[in-house]
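Commentary on secondary and tertiary structure
Below, each chain spelled out in residue letters.
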Amino acid sequence: MGLLDDYSQNSDDSGGASDPGDIRRQKMELESQIVISESNLKKILREREILEIEQRRLKKSEERIRVERDALDRKLKKIQENQRYSEEEIRGLKKKMKIIQ
């Protein structure tokens, strides 16, 4: 709890007597810390947004690749069926040739 500890420690040091200059200095330090924290938050939010955009892009690529792979699988299956039919046809023709001889 860095900021709260610093604030508690500074207010304990004053011993209850509040010097207006000291209060103003503490207030300025806290405002400075708020500005820094807000800046850090904005940076984190920008990084998060960039990562989310990249994630969406990769999901779209993944979907596109899946669709392409499915199409390729269908083509391959069709080619394999054609191969099997051709091999069967060749065997049948070879049998007919043996019968003729």
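Relevant structure appears above.
Now for a look at the structure at hand. Just so it is clear, the model here is predicted, and its values are computed rather than measured. (Residues numbered from 1 in each chain as written. Predicted model: local features only at pLDDT ≥ 70, side-chain atom pairs only at ≥ 80, totals over all residues. Heavy atoms only, no water.)

Some words on the overall build of the protein
- Looking only at helices and strands, the protein features two helices and zero strands.
- The buried share of the protein, reckoned over its 101 residues, is 2%.
- Of the roughly 9700 Å² of accessible surface on the protein, a fraction of 57% belongs to carbon and sulfur atoms. (Helix = DSSP H or I, 4+ residues; strand = E, 2+ residues; numbered from the N terminus. Buried < 20%, exposed > 50% of the residue type's maximum accessible area, 1.4 Å probe, protein only. Areas by Shrake-Rupley, 256 points an atom, 1.4 Å probe, with all protein chains shown as cover.)

With respect to the pattern of salt bridges
- Tallied over the full model, the rule gives nine salt bridges.
- With a shortest N-O distance of 2.5 Å, Arg57 and Glu54 are connected by a salt bridge. Separated by three residues within a single helix, Arg57 and Glu54 lie in helix α2 (residues 20–100), roughly one turn from each other.
- On the basis of relative accessibility, which here comes to 42%, the residue Arg57 falls in the partly exposed class.
- Several salt bridges share partner residues, and in doing so they unite Glu63, Arg66, Arg69 and Asp70 into one network. (Salt bridge = Lys/Arg side-chain N within 4 Å of Asp/Glu carboxyl O.)

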